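Here is how the chains run, residue by residue.
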Amino acid sequence: MPNPKRRHSTRRTANRRAHDFLTATGVSECPNCHEKKLPHRACPKCGVYKQRQVVEVKEAK
């Protein structure tokens with residue numbers, strides 16, 4: 001395989017890596033308990049999804 005004859009500059013390397021950063025996850029609010037939750041998932045706090053109880057949640061002691 002051919003090898004590169006010159007090294008890439010730091011600017012070229014930085015331009016390539018410009019899109020490698022992490023993005024924050026989209027968080028929505030639960031309409032039942034108003035806690036933050038991931039969209040299209042049942043609320044981990046109250047277990048409600050689309051105004052229905054779908055997950056049985058244990059109470060913290």
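Everything numeric here is computed off the predicted structure, so don't read it as measured data.

Before we move on, can you summarise the state of the cysteines with the specific residues and values?
A complete count under the given rule lists 0 disulfides for this structure. Cys-30 forms no disulfide, and the closest cysteine sulfur to it belongs to Cys-33, at a distance of 3.7 Å. A relative accessible area of 1% places Cys-30 in the buried class.

Could you give an account of the side chain of Lys-37, with specific residues and numbers?
Its place among the elements puts Lys-37 in strand S2 (residues 36-37). The charged side chain of Lys-37 is buried without a salt bridge, its nearest counter-charge being Glu-29 at 10 Å. Side-chain polar atoms of Lys-37 contact the backbone oxygen of Arg-41, separated by 3.2 Å. Aside from chain neighbours lying at most four places away, what touches Lys-37 is Val-27, Ser-28, Cys-30, Cys-43 and Pro-44.

How would you summarise a nonpolar patch on the surface if you had to cite specific residues and measurements?
A contiguous nonpolar patch, built from Val-54, Val-55 and Val-57 and spanning about 200 Å² of accessible area, is present on the exposed surface. Relative to the helices and strands, Val-54 is located in the segment after strand S4 (52-53).

Quick notes on the rules
In every chain, residue numbers begin from 1 and rise along the written sequence. Since the coordinates come from a predicted model, pLDDT governs what is reported: local features require at least 70, and pairs of side-chain atoms require 80 or more to be given and counted, while whole-chain, interface and lining totals use all residues. For side-chain calculations, the full set of non-hydrogen atoms in the structure is used, while hydrogens and water are omitted. Throughout, a disulfide means two cysteine sulfur atoms within 2.5 Å of one another. The cut-offs for exposure are 20% and 50% of the maximum accessible area for each residue type, with area from a 1.4 Å probe on protein chains only; residues under the lower value are buried, those over the upper are exposed, and the others partly exposed. Helical segments are the DSSP runs of H or I of at least four residues, strand segments are the runs of E of at least two, and each set is numbered from the N terminus. His is not counted, nor are the chain ends; Lys and Arg add positive charge and Asp and Glu add negative charge. Any Lys or Arg side-chain nitrogen located within 4 Å of an Asp or Glu carboxyl oxygen qualifies as a salt bridge. Contacts described as polar in this section are N or O atom pairs within 3.5 Å, which, within protein, must combine one atom able to donate a hydrogen with one able to accept it, while residues neighboring in sequence count only if both atoms come from side chains. Whether two residues are in contact is decided by their heavy atoms: any pair within 4.5 Å suffices. Patch rule: a residue counts if its relative accessible area is over 30% and it has no salt bridge; like charges are joined within 9 Å, and nonpolar side chains (Val, Leu, Ile, Met, Phe, Trp, Tyr) within 5 Å. Per-residue accessibility takes into account occlusion by the displayed protein chains alone, with areas from the Shrake-Rupley method and a 1.4 Å probe.

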